[in-house]
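Coordinate inspection notes
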Protein chains: 2
Amino acid sequence: MTNLSLTFESAFEKTKKEVDRILLTAPLLIKNYVSHLTLSHGKFVRARAVLACAMQEDGSIHNDAVTFATAIEILHLATLVHDDIMDDAELRRGKETLQKKFGKRKAVICGDYLLAMAIKELKSVEDINKYTEFDISKYIEQICMGELRQSENNRNFNLSVLTYLKIINGKTAALFDASYFAGAVVSEKDKSKLHLYRKLGKYTGLIFQMTDDCIDYENDEQTALKSVQSDFEQGVITLPVIYSFNKNPDLRKQAENQTLTTTNLINQVKEIGGTIYTHQIAKRYYDKAINILNKMNLSSQKAEILKGLLDKSYYGLKK
Amino acid sequence: MTNLSLTFESAFEKTKKEVDRILLTAPLLIKNYVSHLTLSHGKFVRARAVLACAMQEDGSIHNDAVTFATAIEILHLATLVHDDIMDDAELRRGKETLQKKFGKRKAVICGDYLLAMAIKELKSVEDINKYTEFDISKYIEQICMGELRQSENNRNFNLSVLTYLKIINGKTAALFDASYFAGAVVSEKDKSKLHLYRKLGKYTGLIFQMTDDCIDYENDEQTALKSVQSDFEQGVITLPVIYSFNKNPDLRKQAENQTLTTTNLINQVKEIGGTIYTHQIAKRYYDKAINILNKMNLSSQKAEILKGLLDKSYYGLKK
């Protein structure tokens with residue numbers, strides 16, 4: 001029986017090691033592909049969220065939270081691998097994507113393998129019956145819906161703000177919701193508070209994606225470290241563009257007639273204020289999230305970490 | 001609390017309905033794609049296996065077996081959808097594949113969605129703690145390994161029998177193993193017998209795949225109802241071909257030099273006896289499986305259904 005209590009930092013280190021262990025101990029055939037992913041680890045934002053939400057009053061974190069955090073990071077990697085197939089993306093976090101390096105067919109299977117590993121990891125929670133509220137399959141369903149909706153709306157220059165929100169809710173906010181929820185079921189005895197964690201997670205995720213969607217129209221390629229192809233070139237329409245199209249319908253016409261270059265669009269979005277508007281919308285969610293945080297009556301350490309994650313989502317990971 | 005006991009036929013009908021319910025009640029966006037799959041239902045061999053293995057001494061079947069059978073059929077559909085992406089297949093069970101009809105990108109997501117539905121269905125088993133031995137994620141892992149191994153060995157004209165067996169063990173026998181196992185955990189009080197069910201399942205799966213691999217070299221396209229492209233044209237090397245290449249190395253040379261046509265290969269495999277050899281190997285597993293069945297001391301009804309599944313695998317589904 002393991003019933004380890006960990007500090008936030010030790011839990012975080014343990015999670016990173018566990019993720020690496022899963023990637024590096026995969027069967028040789030799979031390892032050839034997935035070990036590649038250890039090179040392009042993200043900042044483990046979702047793992048941090050799980051662990052922060054799992055923190056007890058005294059600052060300790062139950063070992064089950066490490067298992068949940070690991071499972072969610074592996075699931076996140078799985079979605080990235082399949083996501084890159086959907087987007088035909090060549091770069092991710094500055095490194096070549098799995099689909100670009102090894103081909104779509106192998107990427108499909110590697111994503112499936114990672115999905116299986118995430119579920120296996122979840123199953124390894126000692127007494128999973130303690131956590132029946134948390135059902136990962138519902139989140140995978142939501143993520144699929146988001147991805148499919150994005151794919152359906154590829155090059156839809158009439159995309160509405162509502163549909164945009166639905167898309168990013170599925171493709172990004174759902175896994176944030178899952179992370180906050182998974183952490184909360186470990187720490188929270190008062191089950192009526194679970195929905196507050198979920199809402200906080202969802203808002204943090206929405207803000208995270210909106211900030212990310214601004215990058216294409218604010219930074220140059222090297223700073224973005226994301227892809228040689230911008231969202232627009234991939235047909236992905238985001239809020240800065242929706243706003244600009246609404247303010248200047250002529251721009252939409254140009255897009256429809258395929259006379260709109262990316263450089264031209266970037267300049268126009270800047271001039272019209274598409275990213276400023278997007279940050280304003282993100283700010284509304286930020287304020288809602290702060291309200292929720294204040295309502296939750298958390299220990300100062302826990303509140304600080306969760307506020308930190310919110311700030312990182314709002315100001316961008318590099319700040 | 002549901003604790004329904006069902007007959008084999010009623011459990012089977014309930015499983016089919018439950019599979020259809022999952023496909024038809026998917027969110028609209030997903031339904032547009034997956035409802036297409038209800039058109040090309042297979043024969044539910046795996047569901048039949050789950051239910052047969054779950055049969056009690058008195059012929060009754062616990063409702064949990066329906067949940068397991070449904071989950072396994074949905075998982076099977078998920079693997080088919082991703083499999084068709086891997087193989088670039090255009091037809092499946094005589095119908096256009098999802099990847100051909102809607103594109104690879106959407107097929108990736110639909111497969112993921114079905115995978116999530118399978119896991120969700122499993123989670124709906126009332127007291128999942130009763131069945132801790134059964135871990136679906138290990139099987140998904142094995143299936144991925146099989147698929148990846150097949151992909152790695154595409155157009156490998158020196159494929160060994162051993163590697164061929166490893167491939168079909170992962171891509172087909174693993175899910176049969178899972179089906180027999182899932183059924184057995186529902187019915188079997190004597191846990192020491194579980195490995196017999198699993199072995200029976202694995203052998204039935206191996207035989208099933210070997211028989212299937214013979215179809216390309218025995219039947220014309222319309223009878224096979226499988227694909228306009230044969231295994232060989234897709235670069236998939238199967239036992240009838242391995243045997244023929246070993247008997248006539250000149251044939252392998254022709255394949256390597258790309259001077260071997262499919263028609264020529266089919267004629268040569270027939271002449272050399274590649275399918276006869278494959279059926280002989282399948283017969284060895286058949287005999288082993290019969291031995292296991294005899295050892296298991298099952299009720300006559302249960303033994304009969306399991307023998308029937310074995311016979312169908314050995315003689316082909318259409319006999």
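Residues numbered from 1 in each chain as written. Chains lettered and ligands numbered in written order. Predicted model: local features only at pLDDT ≥ 70, side-chain atom pairs only at ≥ 80, totals over all residues. Heavy atoms only, no water.

In terms of helices and strands, chain A carries 15 helices and 4 strands. Here chain A has a C-alpha radius of gyration of 20 Å; the compact-globule value for 319 residues is 20 Å, and the two agree. In terms of principal-axis extent, the alpha carbons of chain A reach across some 65 × 50 × 30 Å. Out of the 319 residues belonging to chain A, those deemed buried represent 58%. If you take every contact in chain A between residues at least 6 apart in sequence, the share linking residues at least 24 apart comes to 74%. Of the accessible surface of chain A, which amounts to about 13300 Å², a share of 48% is contributed by carbon and sulfur atoms. Side chains of chain A carry 44 positive and 40 negative charges; the gap between the two charge centres is 1 Å. (Helix = DSSP H or I, 4+ residues; strand = E, 2+ residues; numbered from the N terminus. Rg over C-alpha atoms; globule rule 2.2 N^0.38 Å. Buried < 20%, exposed > 50% of the residue type's maximum accessible area, 1.4 Å probe, protein only. Contact = heavy atoms within 4.5 Å. Areas by Shrake-Rupley, 256 points an atom, 1.4 Å probe, with all protein chains shown as cover. Lys, Arg positive; Asp, Glu negative; His and termini not counted. Charge placed at Lys NZ, Arg CZ, Asp CG, Glu CD.)

A separate point is helix α12 (residues 249-256) of chain B. Helical geometry note: an α-helix holds 3.6 residues per turn, so side chains three or four residues apart project in the same direction. All names here are of chain B. When α12 is considered as a whole, its buried residues turn out to be Leu251, Arg252 and Ala255. All buried residues of α12 fall inside an arc of 100° around its axis, so they share one side. Summarising the contacts, the buried residues of α12 are in contact with α11 (239-247) and α13 (262-272). Directly beyond the C-terminal end of α12, a positive phi value near 60° is found at Gln258. (Arc of directions from axis to C-beta.)

Residues and elements named next belong to chain A. Together, Lys199, Lys202, Arg284, Lys288 and Lys295 line one region of the surface with positive charge. Breaking the positive patch down by element, the ones donating at least two residues are α9 (194-215) and α14 (274-295). The element best represented in the positive patch is α14, accounting for 3 residues. Within the secondary structure layout, Lys288 lies in helix α14. (Patch = residues over 30% accessible without salt bridge, like charges linked within 9 Å, V, L, I, M, F, W, Y side chains within 5 Å. Salt bridge = Lys/Arg side-chain N within 4 Å of Asp/Glu carboxyl O.)

So, on to the interface of chain B and chain A. Taken together, the contact pairs 37 residues of chain B with 37 residues of chain A. For the chain B and chain A pair, buried surface summed over both sides reaches about 3800 Å², with 69% attributable to carbon and sulfur atoms. Of all residues in chain B, Leu29(B), Arg105(B) and Leu148(B) give up the largest surface area on contact with chain A, accounting jointly for 17% of the area buried on that side. Viewed at the interface, chain A and chain B are joined by 2 salt bridges. At the boundary of chain B with chain A, the tally comes to 6 residue pairs in polar contact (both at pLDDT 80 or more). (Buried area = accessible area lost by both parts, 1.4 Å probe. Polar contact = N/O pair within 3.5 Å; in protein donor to acceptor, adjacent residues only side chain to side chain.)

The next subject is the packing of helix α7 (residues 136-152) of chain A against helix α8 (residues 161-187) of chain A. Residues and elements named next belong to chain A. The geometry of α7 relative to α8 is characterised by a closest axis approach of 8 Å and an angle of 155° between their N-to-C directions. Between α7 and α8, the interaxial angle falls into the category roughly antiparallel. When the axes of α7 and α8 are compared, the crossing they make is left-handed. Within the contact between the two elements, α7 uses Tyr139, Gln142, Ile143, Gly146, Glu147, Arg149 and Gln150 and α8 uses Thr163, Lys166, Ile167, Gly170, Lys171, Ala174, Leu175, Asp177, Ala178 and Phe181. Of the residues belonging to the contact of α7 with α8, the class tally is 7 nonpolar, 5 polar and 5 charged. (Axes fitted to C-alpha atoms, helices over the stretch in contact; angles between N-to-C directions. Parallel < 35°, antiparallel > 145°, perpendicular 65-115°, else oblique. Left-handed = near helix turned anticlockwise from the far one by under 90°. Nonpolar A, V, L, I, M, F, W, Y, C, P; charged D, E, K, R; others polar.)

All names here are of chain B. The interhelical angle for the contact between helix α1 (residues 8-24) and helix α6 (residues 104-123), taken along N-to-C directions, is 130°, at an axis separation of 11 Å. Relative to α6, the element α1 is oriented oblique. α6 is crossed by α1, and the crossing has right-handed handedness. Each of Glu18, Arg21, Ile22 and Leu23 in α1 lies in contact with α6, whose residues at this interface are Leu114, Met117 and Glu121. Per-class residue counts for the contact of α1 with α6 are 4 nonpolar, no polar and 3 charged.

Any residue range with low pLDDT should be treated as having predicted coordinates unsuitable for detailed reading. Looking at chain A as a whole, the pLDDT averages 89, with 91% of positions reaching at least 70. Here the predicted complex carries an ipTM of 0.84, next to a pTM of 0.88. (pLDDT = per-residue confidence, 0-100.)

To continue, consider the environment of Ser313(B). All names here are of chain B. With respect to the helices and strands, Ser313 occurs in helix α15 (residues 300-315). Taking the relative accessible area as the measure of exposure, Ser313 reaches 2% and is therefore buried. With 37 residues separating them in the primary sequence, Ser313 and Ile276 have C-alpha atoms 16 Å apart. Residues in contact with Ser313, not counting those within four places in the same chain, are Thr204, Ile207, Phe208 and Thr211.

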